[in-house]
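# Structural overview
These are the residues of each chain, in order.
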Amino acid sequence: MLLIPCPWCGPRDEIEFHYGGQAHVAYPEDPAALSDEEWARYLFFRDNPKGRFAERWSHSAGCRRWFNVVRDTATNEIHAVYRIGEPRPVIA
Amino acid sequence: MTSRPGEVVRFRFDGRDYEGRRGDTLAAALLANGVRRVSTSVQLGQPRGIFSAGGEEPNALVQIETPFPEPMLPATTVEICDGLVATGLPGKGRLADRPDPARYDTVHAHCDVLVVGAGPAGLMAAAEAARGGARVILADERPAPGGSLLGTAEAVDGLPGRRWAAERAAELDGLADVRVLCRTTVFGHYDDNYLVAVERRTNHLGAAAPATTARERIWRIRARRVVHATGAHERFPAFAGNDLPGVMLAGAARTYVNQYGVRPGRRAVVLTTNDTAYPAALDLAAAGIEIAAIVDVRQAPGEEWARRCAERGIDVLTGHVVTAARGAGELSSVVVAPEDGGQARDVPADLLLVSGGWTPVVHLFSQAGGTLRFDEEIGAFVPGDTQARDVRLAVEVAGSARGVPTLSGCLRDGAEAGRRALAAAGFAVPDQAPPPAVEDEPAAAPARHLWLVPAADGDGDDYREHFVDLQRDVTVADVLRATGAGLRSVEHVKRYTTAGTAHDQGRTSGLLTSAITAHALGLDVADLGVTTFRAPYAPVSFAALAGRDRGHLHDPVRVTAMHDWHVARGAPLENVGQWKRPWYYPLDGEDMTAAVLRECRAAREDVAMMDASTLGKIDVIGPDAAELLDRLYTNMMSTLPVGSIRYGVMCRPDGMVFDDGTVIRLAEDHFLATTTTGNAAAVLDWMEEWLQTEWPSLRVHCTSVTEQWATVALVGPRSREVLAGLAPGLDVGNASFPFMTWRDAEVAGIPARVCRISFSGELAYEINVRSWYGLALWEAVNAAGVTPYGTETMHVLRAEKGYPIIGQDTDGTVTPQDLGMAWVVSKKKADFIGKRSFSRADTVRPDRKQLVGLLPEDTGRLLPEGVHLVEPGGTRALGHVTSGYRSAALGRTFALALISGGRERVGERLHAAMGEEMIPVTVTHHVLYDPEGARRDG
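The rules we used
Residues numbered from 1 in each chain as written. Chains lettered and ligands numbered in written order. Predicted model: local features only at pLDDT ≥ 70, side-chain atom pairs only at ≥ 80, totals over all residues. Heavy atoms only, no water. UniProt positions renumbered as here; feature names shortened; annotations may be inferred. Helix = DSSP H or I, 4+ residues; strand = E, 2+ residues; numbered from the N terminus. Buried < 20%, exposed > 50% of the residue type's maximum accessible area, 1.4 Å probe, protein only. Contact = heavy atoms within 4.5 Å. Areas by Shrake-Rupley, 256 points an atom, 1.4 Å probe, with all protein chains shown as cover. Lys, Arg positive; Asp, Glu negative; His and termini not counted. Charge placed at Lys NZ, Arg CZ, Asp CG, Glu CD. Rg over C-alpha atoms; globule rule 2.2 N^0.38 Å. Axes fitted to C-alpha atoms, helices over the stretch in contact; angles between N-to-C directions. Left-handed = near helix turned anticlockwise from the far one by under 90°. Nonpolar A, V, L, I, M, F, W, Y, C, P; charged D, E, K, R; others polar. Pairing = 2+ DSSP bridges. Expected span 1.5 Å × (residues − 1). Polar contact = N/O pair within 3.5 Å; in protein donor to acceptor, adjacent residues only side chain to side chain. Buried area = accessible area lost by both parts, 1.4 Å probe. Salt bridge = Lys/Arg side-chain N within 4 Å of Asp/Glu carboxyl O. Phe/Tyr/Trp six-rings, centres within 6.5 Å; stacked < 30°, edge-to-face > 60°. Lys NZ or Arg CZ within 6 Å of the ring centre and 35° of its normal.

Under an unreviewed UniProt entry, chain B has the name Sarcosine oxidase subunit alpha and belongs to Sphaerimonospora thailandensis. Quoted verbatim from the Sequence similarities (unreviewed entry) heading of the UniProt record, the comment on chain B is "Belongs to the GcvT family."

Looking at an unreviewed UniProt entry, one finds chain A named Sarcosine oxidase subunit delta, with Sphaerimonospora thailandensis as its source organism.

Here it is as structure tokens:
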């Protein structure tokens with residue numbers, strides 16, 4: 001079970017959190033202006049990398065806040081956590 | 001050996017009574033009584049004996065009957081107690097046929113250093129970590145600390161090993177920040193050093209176990225650093241007949257003699273590839289067991305061992321092998337031959353000790369994500385670099401778990417691992433203490449890695465008696481068949497042959513399976529590797545994992561303020577999410593059908609009431625509350641006047657219906673949104689997700705108020721009259737209190753918010769009061785002569801009106817248009833969640849499944865949910881029944897269904913396929929009752 005460092009509460013067990021999929025997939029500014037294909041890409045297409053992945057988590061059984069995590073999908077190592085709206089940090 | 005010292009313990013095995021000694025395992029006690037056949041194998045039905053002295057046991061599986069039935073326990077781990085009753089198993093066990101009265105519980109623990117294994121290395125690691133001030137947990141699966149010292153009886157610091165270990169462990173346990181857990185198996189090592197262990201607390205006490213003590217306890221431990229001091233398991237080579245009772249691991253036989261004072265046989269042959277079988281042979285000889293010969297596959301054993309054997313008169317046959325073990329049902333002789341093919345001879349023996357070397361227990365290390373490397377010296381896989389670039393484990397491995405071969409080496413290695421863990425956990429490392437002294441440690445000669453003894457001509461040369469996995473009855477022939485079928489991966493061979501998949505997870509046989517596979521493929525086992533290790537390391541009972549989360553503590557139970565009344569009235573309860581809701585209220589002699597028809601008639605023809613408190617209620621407050629709701633609901637909420645109510649639907653961005661409910665405008669900046677009972681938490685999460693992640697600039701707060709309010713639905717043509725009587729101050733006229741508005745009022749003297757909403761199509765109100773007053777309100781309304789009804793009647797009433805239940809009539813693939821609710825989708829709003837998807841090609845397909853009504857031609861026939869519909873004579877499923885009921889108002893049964901192109905099919909005749917039976921039905925519009933909506937105004 002992962003130990004996830006919530007940016008507000010500190011490290012907590014994974015069971016306190018809900019997973020929210022890929023981060024930085026913004027709701028389109030004007031969905032009506034998108035082609036069916038562009039809209040389908042927003043709806044259905046997500047990255048699935050082996051390695052570092054920016055993803056959303058919600059501390060649903062804690063402070064109930066959403067935040068972003070950069071996690072290595074192969075090792076589960078968490079490289080960064082940051083708040084919604086902040087840019088993805090550059091990790092060496 | 002009936003003269004063994006110790007307290008006598010009486011037990012029963014396979015129908016016979018025996019005596020053992022306190023502290024015996026069942027295996028030790030059976031051997032002391034000369035019982036050699038313990039079980040029969042699962043596939044071949046072969047007799048099997050006791051092969052090991054620990055948790056790695058593949059053969060001696062037993063069923064415990066008393067104190068409480070438990071299947072599939074290795075006799076080598078069961079501690080006997082007075083009154084124990086057990087039987088040997090034919091490979092499979094049997095669960096108890098009655099509820100387990102024992103308690104089980106869970107402890108969550110944190111520590112700086114967790115040490116797994118209290119053998120020489122683990123004790124030293126824990127001691128060093130504790131000396132540096134760390135919070136330490138030391139866990140070991142056996143009843144006493146000491147690990148290998150228990151069986152070898154080697155001396156440390158001039159003390160017998162067992163005593164040295166007990167004293168060290170007692171010292172540790174006396175420290176405030178150290179916890180020593182015996183009988184505790186760490187079975188899983190998960191991410192970020194989260195480890196799970198099971199502690200067996202009372203099994204060894206038998207009937208004397210206190211009922212108030214948890215039988216087993218799960219430890220969930222988060223550790224800053226972990227030291228794996230998990231030791232090594234002895235392995236065996238494959239040779240013909242190696243499964244016979246009487247064939248035993250050399251170290252296990254040594255343990256029976258030294259730890260339990262039990263002689264596992266009278267005359268033994270020893271087959272070995274390494275020096276460790278020599279002290280075993282000498283200890284057995286000292287205990288009075290005749291050693292017929294030591295068969296060493298090497299040309300040269302350790303010199304000191306050879307000298308001691310000569311001194312004792314033990315014959316050492318170097319360059320020899322055991323080509324077969326023989327006997328009818330158990331071992332009676334051993335075929336010994338020079339490896340290069342000289343004359344074989346038959347040596348009478350009732351015990352064959354085997355040692356094929358020692359395999360480090362790397363299960364937990366591998367589970368933690370560590371990579372393994374092959375160590376040529378010990379001929380086994382050992383933990384690789386813990387600090388490899390892609391896997392940085394907060395783990396140290398110490399002692400024989402990483403291939404350290406000697407006791408003194410393990411003691412030193414354990415201390416060093418403890419110091420590394422201490423430093424890594426951020427503690428100052430104290431000065432090094434001198435290591436404990438080990439006196440008798442003769443220099444070892446190199447081992448030879450022999451996996452397979454080729455069969456002698458005509459003697460097992462089909463390799464069907466060369467066992468690889470004893471518990472699964474997998475032989476060398478089976479492995480050869482797998483490689484012959486083209487399998488090249490050891491993972492595939494495992495699944496093809498089942499080797500390594502049994503209860504023992506191939507602890508003594510996994511490496512052998514790989515080695516035989518490699519041999520067959522002409523590869524090096526180092527390159528082929530071993531199968532993946534997965535948790536749990538050892539079997540764990542579901543009872544332990546469930547802990548106290550059983551029965552009424554399994555899941556929280558939610559009840560309304562009126563719950564006790566429902567129960568007192570004899571209403572059966574329906575589970576809706578975690579809520580218990582009254583299902584129907586049977587009168588004397590009434591069955592469910594009769595009760596529901598009566599309740600439906602009351603609602604349609606007179607007046608009825610329902611406890612609607614479980615509906616989710618969310619307060620949405622803030623200057624941008626209307627804007628948020630406009631974005632989330634498909635229809636317009638910002639235009640709703642204060643004092644009014646609107647029904648709304650929420651969709652996912654893909655356009656599929658997610659929830660529905662009413663929205664009440666309490667003030668310009670204050671709404672109350674209701675949700676379906678089961679979806680309340682999900683809707684609140686949904687609102688929060690959008691607010692936090694997409695629209696943080698919206699000034700809105702969302703708060704669950706579900707439990708703050710109790711709600712009574714008052715339904716039926718006489719509801720206005722009843723409400724007027726209860727709320728004399730409220731103007732209930734149709735014009736002054738119209739449909740879809742709300743009023744504050746005093747109802748039965750209780751401050752209430754009365755909403756004119758209908759989920760039945762009838763004139764109806766929902767009276768909301770603070771939860772404290774829920775029961776008082778309910779009783780007051782009921783006292784006015786109102787019939788209570790439950791969830792079943794609610795379902796019938798709403799289905800007659802074609803109102804869908806989200807999650808019952810929908811399944812996440814249904815749009816509002818599919819439900820016949822295009823009217824709820826705003827054409828005016830520029831955007832809302834789901835809007836763009838309504839113009840996708842997929843959502844405008846004419847053959848989408850649409851909600852329709854169904855009328856069975858047999859008006860008494862009830863259609864169960866899930867039944868598929870086909871055209872007469874056709875086989876293609878057009879859709880399925882989502883709801884089916886008996887209707888009092890229609891005087892017949894009916895159903896709702898999702899059917900491909902359903903609206904175009906109104907009037908068509910279809911078949912509902914009930915197995916072989918085809919039930920004719922007619923498709924109708926989904927609103928079956930009062931389609932004009934005339935009744936809601938009373």
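More follows now that the structure is in view.
Looking now at the overall build of chain A. The secondary structure content of chain A amounts to one helix and six strands. Along chain A, from the amino end to the carboxyl end, the secondary structure elements read β-β-β-α-β-β-β. Along the first, second and third principal axes, the C-alpha set of chain A runs to 40 × 30 × 25 Å. The buried share of chain A, reckoned over its 92 residues, is 39%. Within chain A, contacts between residues at least 6 apart in sequence are counted, and of these 46% link residues at least 24 apart. Accessible surface for chain A amounts to roughly 5200 Å². Of this, 50% is attributable to carbon and sulfur atoms. Charge centroids of chain A, computed over 11 positive and 13 negative side chains, lie 6 Å from each other.

Here the focus is the overall build of chain B. Summing up its helical and strand segments, chain B has 21 helices and 49 strands in all. Relative to the globule expectation of 30 Å for 938 residues, the C-alpha radius of gyration of chain B, 37 Å, shows a markedly less compact shape. Reported as C-alpha extents along the three principal axes, the dimensions of chain B are approximately 115 × 70 × 55 Å. For chain B, the residues scored as buried account for 58% of the 938 residues in total.

Before going further, it helps to spend a moment on the packing of helix α5 (residues 250-260) of chain B against helix α6 (residues 277-286) of chain B. Pairs of packed helices are described in terms of their axes, by the angle between the two and the distance that separates them. Residues and elements named next belong to chain B. Contact geometry of α5 with α6 gives a least axis separation of 9 Å together with a crossing angle of 35 degrees. In this structure, α5 crosses over α6, and the sense of that crossing is left-handed. Contact residues: Ala 250, Ala 253, Arg 254, Val 257 and Asn 258 in α5; Ala 277, Pro 279, Ala 280, Asp 283 and Leu 284 in α6. Looking at the contact of α5 with α6, its residues break down into seven nonpolar, one polar and two charged.

Before going further, it helps to examine the sheet that holds strand β6 (residues 78-83) of chain A. Reading across from one edge, β3-β4-β5-β6 (chain A) is the order of the four strands in this open sheet, with antiparallel pairing throughout. With one partner strand each, in any of the chains shown, β3 (18-22) and β6 of chain A form the two edges of the open sheet. Shown here is a sheet whose adjacent strand axes are inclined to one another by a mean of 30 degrees, direction ignored. Direction of pairing for strand β4 (residues 52-58) of chain A relative to strand β5 (residues 66-72) of chain A: antiparallel, over a ladder of seven bridges. Bridged to Ser 58 of chain A within β5 of chain A is Trp 66 of chain A. Across the sheet, helix α18 (residues 680-693) of chain B touches β4 and β5 of chain A, and the angle it forms with β5 of chain A is around 80 degrees.

As a further point, take helix α16 (residues 592-605) of chain B. Residue and element names in this part refer to chain B. Look at α16: 20 Å from first C-alpha to last across 14 residues, which is about the 20 Å you get at 1.5 Å a residue. For α16, the full list of buried residues reads Ala 595, Val 596, Arg 598, Glu 599, Cys 600, Ala 602, Ala 603 and Arg 604. Structurally, α16 contributes buried residues whose contacts are with β33 (608-611), β39 (709-715), β43 (787-788) and α21 (791-800). Between the side-chain oxygen of the N-cap and the backbone nitrogen of Thr 593 there are 3.4 Å, and the N-cap of α16 in question is Asp 591.

Residue and element names in this part refer to chain B. One open sheet holds the six strands; their spatial order is β40-β41-β42-β39-β33-β43, and the pairing between them is mixed. Each of the sheet's edge strands pairs with one partner strand only, and the pair in question is β40 (742-747) and β43. In terms of strand pairing, β39 meets strand β42 (residues 764-770) through seven bridges, oriented antiparallel. Note on β42: the bridge partner recorded for Val 712 is Ile 767.

Right, let's get into the UniProt feature "domain: Aminomethyltransferase C-terminal" (unreviewed entry) in chain B. As annotated in UniProt, the feature "domain: Aminomethyltransferase C-terminal" (unreviewed entry) corresponds to residues 849-930 of chain B in the numbering used here. Structurally, residues 849-930 of chain B is divided into 0% helix and 52% strand, and its ends, taken at the C-alpha atoms, are 24 Å apart.

If you look at the interface, chain B gives 25 residues, while chain A gives 25 residues. For the pair chain B and chain A, the summed buried area comes to about 2300 Å², and 45% of that belongs to carbon and sulfur atoms. Interface area lost by chain B to chain A is led by Arg 222, Gln 692 and Arg 836 of chain B, which between them contribute 26%. Inspection of the region where chain B meets chain A yields four salt bridges. Across the pair Arg 64 of chain A and Asp 685 of chain B runs a salt bridge whose closest N-O atoms are separated by 2.5 Å. Along the contact surface separating chain B from chain A lie 16 residue pairs in polar contact (both at pLDDT 80 or more). It is α18 of chain B that contributes the most residues to the side of chain B that touches chain A, seven residues altogether.

A few words now on the pattern of salt bridges. All names here are of chain B. Scanning all chains against the criterion turns up 65 salt bridges over all chains. A salt bridge links Arg 308 to Asp 440, with the nearest nitrogen and oxygen atoms 2.8 Å apart. You can see Arg 308 sitting in helix α7 (residues 303-312) and its partner Asp 440 sitting in the loop between α9 (407-424) and β29 (467-469), a full 132 residues away along the chain. In this structure, Arg 495 and Glu 491 form a salt bridge, with 2.9 Å as the shortest nitrogen-oxygen distance. With Arg 495 and Glu 491 both in helix α11 (residues 490-497) and four residues apart, the pair spans about one turn of that helix. Residue classification places Arg 495 among the partly exposed positions, given a relative accessible area of 48%. Counted as one network, the salt bridges with shared partners bring together Glu 304, Arg 307, Arg 308, Glu 311 and Asp 440.

Okay, the packing of aromatic side chains next. Across all of its chains, the model carries 22 aromatic pairs over all chains by this definition. With a centroid separation of 6.3 Å and an interplanar angle of 85 degrees, the aromatic rings of Tyr 27 of chain A and Trp 39 of chain A are classed as edge-to-face. With Tyr 27 of chain A in the loop between β3 and α1 (36-44) and Trp 39 of chain A in helix α1, this pair connects stretches of sequence that are 12 residues apart. With a relative accessible area of 13%, Tyr 27 of chain A lands in the buried category. Here Trp 39 of chain A falls in the buried class, since its relative accessible area comes to 0%. Each member of the aromatic cluster is reached from another via a ring pair, and the members are Tyr 27, Trp 39 and Tyr 42 of chain A together with Phe 658, Trp 686, Trp 690 and Trp 695 of chain B. The residue whose ring lies beneath Arg 507 of chain B is Tyr 537 of chain B, and the NZ or CZ to ring-centre distance is 4.3 Å.

Moving on: the pairing of strand β6 (residues 70-74) of chain B. All names here are of chain B. With respect to burial, β6 is a largely interior element, four of its five residues being buried. As paired elements, strand β5 (residues 61-66) and β6 share three bridges and run antiparallel to each other. When the bridges of β6 are listed, Leu 61 appears paired with Pro 74. What sits between the antiparallel neighbours β5 and β6 is a turn of three residues.

We now examine unusual backbone geometry. Omega for the peptide link from Thr 66 of chain B to Pro 67 of chain B comes to 10 degrees, which places this bond in the cis form. Positionally, Pro 67 of chain B belongs in the loop between β5 and β6. Its identity is not glycine, yet Arg 64 of chain A carries a phi of approximately 65 degrees, on the positive side. Relative to the helices and strands, Arg 64 of chain A is located in the loop between β4 and β5. With relative accessibility at 30%, the residue Arg 64 of chain A sits in the partly exposed group. One non-glycine residue with positive phi stands out, namely Asp 930 of chain B, at about 50 degrees. Tracing the chain through its elements places Asp 930 of chain B in the segment after β49 (917-924). Under the relative-accessibility criterion, Asp 930 of chain B is labelled buried at 10%.

Here α18 of chain B is 14 residues long and its end C-alpha atoms lie 20 Å apart, about the 20 Å a rise of 1.5 Å per residue gives. The buried fraction of α18 of chain B amounts to 11 of the 14 residues, a majority that puts the element mostly inside the structure.

So, on to the UniProt feature "domain: FAD/NAD(P)-binding" (unreviewed entry) in chain B. As annotated by UniProt and renumbered to match this structure, "domain: FAD/NAD(P)-binding" (unreviewed entry) occupies residues 112-372 of chain B. In residues 112-372 of chain B, helix accounts for 25% and strand for 35%; the two terminal C-alpha atoms are 25 Å from one another.

What follows is about the pairing of strand β32 (residues 579-582) of chain B. All names here are of chain B. Where strand β31 (residues 573-576) meets β32, four bridges bridge the pair, whose relative direction is antiparallel. Its bridge partner being in β32, Glu 574 is matched across the sheet by Arg 581. Between β31 and the antiparallel strand that follows it, β32, lie two residues; Gly 577 among them carries a positive phi value of about 60 degrees.

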